[in-house]
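If you want the building blocks of each chain, they are given just below.
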Amino acid sequence: QVQLVESGGGLVQPGGSLRLSCAASGVIFSIDAMGWYRQAPGKQRELVARITSGDRITYADSVKGRFTISRDNAKNLVYLQMNSLKPEDTAVYYCNADIKTSGWDRRNYWGQGTQVTVSS
């Protein structure tokens, strides 16, 4: 059984920073792309940032220049460093990953989400 567990959310003032972490655990053969999505109240879940196993990175336009995604392949971790946070960044942030539990069994997994609130 594979699990993704996020941590690092919380309440921060506008202009502040937070660092989210996501740890993948369980029977893992390899991890392909890992990413962060977010969902604000009344809105659809949207991609924030994504990093492939080859370190190709994609960012949503709204976070370019402020957020940085990185991964530690040895520890099955993915991070999201969020700087210059704005109230519109307030959302539940979800970790997502494409994980192989064997050489041929590749599935997409989600974490349980962590709340990020940007408010003064």
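Before going into details, it helps to say that this report is about the structure given with it. In this text the structure is predicted, and so the values were computed from the model without any measurement. Throughout, residues of each chain are indexed from 1 in the direction in which the sequence is written. The model is predicted, so local features are restricted to residues of pLDDT at least 70 and side-chain atom pairs to those at 80 or more, both for listing and for counting; the totals for chains, interfaces and linings are taken over all residues. In computing side-chain properties, one takes all heavy atoms of the structure into account and sets aside hydrogens as well as water.

Topic: the sheet that holds strand β1 (residues 3-7)
Overall, antiparallel pairing links the 4 strands, which are arranged β1-β3-β8-β7 in an open sheet. Each end of this open sheet is capped by a strand with a single partner; those strands are β1 and β7 (67-72). Averaged over all pairs of adjacent strands, the angle between strand axes in this sheet comes to 15 degrees, irrespective of strand direction. One requirement defines pairing of two strands: DSSP has to find at least two bridges between them. Comment: elements are numbered from the N terminus, with helices defined as DSSP H or I runs of at least four residues and strands as E runs of at least two. Note that β1 and strand β3 (residues 18-25) share 5 bridges and pair antiparallel. Within the sheet, the bridge partner assigned to Leu 4 lies in β3 and is Ala 24. Only the stretch in contact is used when a helix axis is fitted, and all axes are lines through C-alpha atoms; the angle between N-to-C directions ranges over 0 to 180 degrees.

So, the nonpolar core
Only buried residues count toward a nonpolar core, which is a set of Ala, Val, Leu, Ile, Met, Phe, Trp, Tyr and Cys residues joined through side-chain atoms within 4.5 Å. The buried label goes to any residue with under 20% of its type's maximum accessible area, the exposed label to any with over 50%, and the partly exposed label to all in between, with areas taken from a 1.4 Å probe on protein chains only. Formed by 30 residues in total, the largest nonpolar core has its most connected members in Trp 36, Leu 80, Met 82 and Tyr 93. Counting residues per element, the ones that place at least two in this core are β3, β4 (30-39), β5 (46-51), β7, β8 (77-82), β9 (91-100) and β11 (114-118). Broken down by element, the residue count for this core peaks at 5 residues, all from β9.

Observations regarding the environment of Gly 65
One can find Gly 65 in the loop between β6 (57-59) and β7. Judged by relative accessible area, which is 84%, Gly 65 ranks as exposed. C-alpha of Gly 65 to C-alpha of Ser 84: the two residues are 19 residues apart in sequence and 9.3 Å apart in space.

Regarding the pattern of salt bridges
When a carboxyl oxygen of Asp or Glu lies within 4 Å of a side-chain nitrogen of Lys or Arg, that pair is called a salt bridge. As enumerated under the stated definition, the model contains 7 salt bridges in all. For Arg 38, the salt bridge is made with Glu 46, and the minimal N-O distance between the two is 2.7 Å. The structure contains a network of salt bridges with shared partners spanning Arg 38, Glu 46, Arg 66 and Asp 89.

So, the pairing of β11
Residues in a regular strand point their side chains to alternate faces of the sheet. Only one face of β11 is covered, namely the one carrying Thr 114, Val 116 and Val 118; the face carrying Gln 115 and Thr 117 has none of its residues buried. Pairing of strand β2 (residues 10-12) with β11 involves 3 bridges; the strand directions are parallel. Within β11, the residue paired with Leu 11 across the bridge is Thr 117. Here β9 pairs with β11 via 3 bridges, running antiparallel. Following the sheet pairing, Ala 91 is matched in β11 by Val 116.

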